[in-house]
Number of protein chains: 2
Amino acid sequence: MASFFLLKILNMKAIVKSIIGILFLTLIACNPKAETTVESENIDPLPSWNEGATKQSILDYVGKVTNPKNEHFIPIKDRIATFDNDGNLWSEQPAYFQLFFAIDRVKAMASEHPEWKNEQPFKAVLENDMDELKKQGEHGLIQLVMTTHAGNTTKEFETDVKDWIATAKHPTKNVSYDKLVYQPMLELLQYLRVNNFKTYIVSGGGVDFMRAFVTPIYGIPSEQIIGSRIKTAFDYNDGNPKIVRLPALDFIDDKDGKPLNIQKIIGKKPVFSSGNSDGDLQMMQWTASNKYKSFMLYVHHTDSIREWAYDRDSHIGRLDKGLDQAKKDGWTIIDMEKDWRIIYPFDNYRDELK
Amino acid sequence: MASFFLLKILNMKAIVKSIIGILFLTLIACNPKAETTVESENIDPLPSWNEGATKQSILDYVGKVTNPKNEHFIPIKDRIATFDNDGNLWSEQPAYFQLFFAIDRVKAMASEHPEWKNEQPFKAVLENDMDELKKQGEHGLIQLVMTTHAGNTTKEFETDVKDWIATAKHPTKNVSYDKLVYQPMLELLQYLRVNNFKTYIVSGGGVDFMRAFVTPIYGIPSEQIIGSRIKTAFDYNDGNPKIVRLPALDFIDDKDGKPLNIQKIIGKKPVFSSGNSDGDLQMMQWTASNKYKSFMLYVHHTDSIREWAYDRDSHIGRLDKGLDQAKKDGWTIIDMEKDWRIIYPFDNYRDELK
């Protein structure tokens, strides 16, 4: 909770702006005398985005599809927005943050698994060999994460993750991982929700890992978080039922798995999708085929100073085919260095200290 | 659409009452001068339920858990209500309605599958042998349904179901299947939603079958419909992507599968569950273990005149262990004959004709 409150304080400026916007809309909704056209230009819903074509394309899209008089109007029930998480809502370097959680678990469990000394990807973890770990690819990483997350109940696992996020620090940024979320994306999520979009996370990361802490940060409830899963079993346990996590993959929510899981769980095609890697490409393609006007948004990591710069050759968050298709089909590409005034919520705080 | 409008007209009385209730609550929410205690006793949210212990237990529960001053108050975000579908929201005799849809498909596909003449459960379908089909059990029925629903896209399947529901008639009731929903349960769903419960279907039936038509009937959007699934594949299809339905079971949402799927998809334990068979028992047990005060509701089919009467020995919707545990643990059991003033929405219309 401490980190959540700190985040809130650091992010107060953006939150106050959001609250003003929400109160404003509520007053309009409740006051029968309110005008339908109002002077709302003063409230910038995306204050951490620099002015330019990227920001304007988002504002234009939302303006069009929420205007009942516009030919591109989308009914509220169909305003489904899906966001990748790693590298899209928070950072993913030098490795997926869930991996750092898994590393702590592997080291703790290693004495019970002597075979891990000679078995990848466990060997790399135990030898602190991050380069080798990257070579194992996303599938290997997910396998490692899932395997090390099993053998306990869903409730116990949730507690483990909560404890970890409250204490662990990022190896180079030296802040807790949940502070490395992108302030511009927090604003975008909120802007979409104020405009009656239902915001979902659709991530290759573990669904129960994310659910343990992201709701208060992103404002997204557990039932709108979709991710990779391990298999589970129900145990009645003499009237104290529990769900036990089994050491076997159930579903990898990446690449083809993203549109498949969206169809399985949501049952509607998104109108807005945001991602940062080739693992999001099929979700983008699925969204682009919506009968409604849709919006595809790629985060391009171009900021080697404030965040990281990587794309076609990265072992994590590789953006290659997706970048080509985005350019070819005119999808919106965020140039992180140019389009984002700040990256993390605590950057806002730094600005004010100047 | 025709059947939907007819349903609405037949059900106008209940709908008008609901609208009055919603408008009333909206006015209270928007009017800063509104009293917090109001004279709302005149509006019966469950007009198709006879007065008695069953109806009162529902009203008492909702009254308690939505009152911030009550020790059993539940925050809105945790008001998750899960409803079985077959035999719980609509009838399921003489066989699951989805089976009648499947029968039409099996007969149409039989010429391409000569092996079905000697292979259960297909043999029983082709010979119109309903007794044999019942003996194949719920697993066999789901297998039949899933197998016969594959080989097309999600979009094509949706169209098939919509066409079927618009034209097919129940073999003995001689009305379209979507008219055989339980009016008291429609009122209960709406009553819970007005009290900020999020209502879900959690059914052994196929999720895409239900999604094709139940939303306007139950008021439950596709993303709150959970059911059994077959496997699917994503096909980019040169820029016109489609999701293809494969002839293989992915997940049976029955018995243990219900709490497992609830955890996978919702990620929260329900506070309110409603079912009618032993296939719902694990969902009930999971709900009963909630840290919040929870409510477990079993529909007991006791009305051989207006609906059907069956429980411990039925091949469909068997209620045996569930009935024992409900009695032992004091869960609420609906005696359909005594507790429901009417069964189907069109019964309301019959009353008014008298």
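Rules and cut-offs
- Residues numbered from 1 in each chain as written.
- Chains lettered and ligands numbered in written order.
- Predicted model: local features only at pLDDT ≥ 70, side-chain atom pairs only at ≥ 80, totals over all residues.
- Heavy atoms only, no water.
- Salt bridge = Lys/Arg side-chain N within 4 Å of Asp/Glu carboxyl O.
- Buried < 20%, exposed > 50% of the residue type's maximum accessible area, 1.4 Å probe, protein only.
- Helix = DSSP H or I, 4+ residues; strand = E, 2+ residues; numbered from the N terminus.
- Contact = heavy atoms within 4.5 Å.
- Buried area = accessible area lost by both parts, 1.4 Å probe.
- Polar contact = N/O pair within 3.5 Å; in protein donor to acceptor, adjacent residues only side chain to side chain.
- Axes fitted to C-alpha atoms, helices over the stretch in contact; angles between N-to-C directions.
- Parallel < 35°, antiparallel > 145°, perpendicular 65-115°, else oblique.
- Nonpolar A, V, L, I, M, F, W, Y, C, P; charged D, E, K, R; others polar.
- Pairing = 2+ DSSP bridges.
- Core = buried A, V, L, I, M, F, W, Y, C linked by side-chain atoms within 4.5 Å.
- Phe/Tyr/Trp six-rings, centres within 6.5 Å; stacked < 30°, edge-to-face > 60°.
- Lys NZ or Arg CZ within 6 Å of the ring centre and 35° of its normal.

Caption draft 1: Geometry of the pattern of salt bridges. In the structure shown here, the tally under the stated rule is 42 salt bridges over all chains. In this structure, A:Asp320 and A:Arg312 form a salt bridge, with 2.8 Å as the shortest nitrogen-oxygen distance. Residue A:Asp320 is classed as partly exposed on the basis of its relative accessible area, which comes to 26%. Ionic pairing is found between B:Asp84 and B:Lys258, a salt bridge with its closest N-O pair at 2.9 Å. Taken as a pair, B:Asp84 in the loop between strand E1 (80-83) and helix H4 (97-109) and B:Lys258 in helix H12 (residues 257-266) lie far apart in primary sequence, 174 residues in all. In this structure B:Lys258 comes out as buried when scored by relative accessible area, which is 0%. If you follow the salt bridges from partner to partner, you end up with A:Arg229, A:Lys231, A:Asp250 and B:Lys264 in one network.

Caption draft 2: Up close: the interface of chain A and chain B. Taken residue by residue, the interface counts 34 residues in chain A and 34 residues in chain B. Between chain A and chain B, roughly 3100 Å² of surface is buried when both sides are summed, and carbon and sulfur atoms account for 56% of that area. In terms of surface lost to chain B, no three residues of chain A exceed A:Glu223, A:Phe234 and A:Lys264, which account for 22% of the buried area on that side. Connecting chain A to chain B are 6 salt bridges. Put simply, B:Lys198 and A:Glu223 hold a salt bridge, and the shortest N to O gap is 3.0 Å. Along the contact surface separating chain A from chain B lie 18 residue pairs in polar contact (both at pLDDT 80 or more). Counting only elements with at least two residues in the side of chain A that touches chain B, the list comes to strand E2 (198-206), helix H10 (207-211), strand E3 (225-235), strand E4 (242-251), helix H12 (257-266) and helix H13 (281-288) of chain A. Per-element accounting of the side of chain A that touches chain B gives the leading share, 6 residues, to H12(A).

Caption draft 3: Up close: the packing of H12(B) against helix H13 (residues 281-288) of chain B. Residue and element names in this part refer to chain B. Contact geometry for H12 and H13: axes closest at 7 Å, N-to-C directions at 55 degrees. Taken together, H12 and H13 sit at an angle that is classed as oblique. The segment H12 lies against H13, with Lys-258, Pro-259, Ile-262 and Gln-263 engaging Gln-282, Met-283 and Trp-286. Here the contact of H12 with H13 is built from residues that sort into 4 nonpolar, 2 polar and 1 charged.

Caption draft 4: Representation of the pairing of strand E8 (residues 332-335) of chain B within the structure. Residue and element names in this part refer to chain B. Burial along E8 is one-sided: Thr-332 and Ile-334 are buried, and none of Ile-333 and Asp-335, which face the opposite way, are. Looking at chain direction, strand E6 (residues 295-302) and E8 are connected through 4 bridges and run parallel. Counterpart to Leu-297 in the pairing with E8 is Thr-332.

Caption draft 5: Region of the structure containing the nonpolar core. In this structure, A:Met185, A:Leu188, A:Tyr218 and A:Phe272 are the most contacted members of the largest nonpolar core, which totals 70 residues. For this core, the leading source of residues is helix H4 (residues 97-109) of chain A, giving 7 residues. Apart from residues lying up to four places away in sequence, A:Tyr218 is in contact with A:Asn85, A:Leu89, A:Trp90, A:Val181, A:Leu186, A:Leu189, A:Arg193 and A:Ile201. Counting 68 residues, the second largest nonpolar core, distinct from the first, contains B:Ile103, B:Val161, B:Leu297 and B:Phe346.

Caption draft 6: Structural detail: unusual backbone geometry. All names here are of chain A. The omega angle of the peptide bond from Gln-93 to Pro-94 is 0 degrees, so this bond is cis rather than trans. Among the structural elements, Pro-94 can be located in the loop between strand E1 (80-83) and H4. Phi is positive for Asn-237, which is not a glycine, with a value near 55 degrees. For Asn-237, the position within the fold is in the loop between E3 and E4.

Caption draft 7: Focus on the packing of aromatic side chains. Within this structure, the stated rule accounts for 42 aromatic pairs over all chains. Taking the centre distance of 5.8 Å and the plane angle of 25 degrees together, the rings of A:Phe83 and A:Phe272 count as stacked. Placement of the pair is A:Phe83 in strand E1 and A:Phe272 in strand E5 (residues 272-275), with a sequence separation of 189 residues. Overall, the relative accessible area of 0% leaves A:Phe272 in the buried class. Between B:Phe101 and B:Phe209 the ring centres are 5.6 Å apart and the planes differ by 45 degrees, which places this aromatic pair in the tilted class. Taken together, the residues span a long stretch of sequence, with B:Phe101 in helix H4 and B:Phe209 in helix H10 (residues 207-211) at a distance of 108 residues. An aromatic cluster of at least three residues, connected via ring pairs, comprises A:Trp90, A:Phe97, A:Phe100, A:Phe101, A:Phe157, A:Trp164, A:Tyr177, A:Phe209 and A:Phe213. A cation over a ring is seen here: A:Lys269 above A:Trp286, with NZ or CZ 4.2 Å from the ring centre. Above the plane of the ring of B:Trp308 lies B:Lys173, whose end atom (NZ or CZ) is 5.0 Å from the centre.

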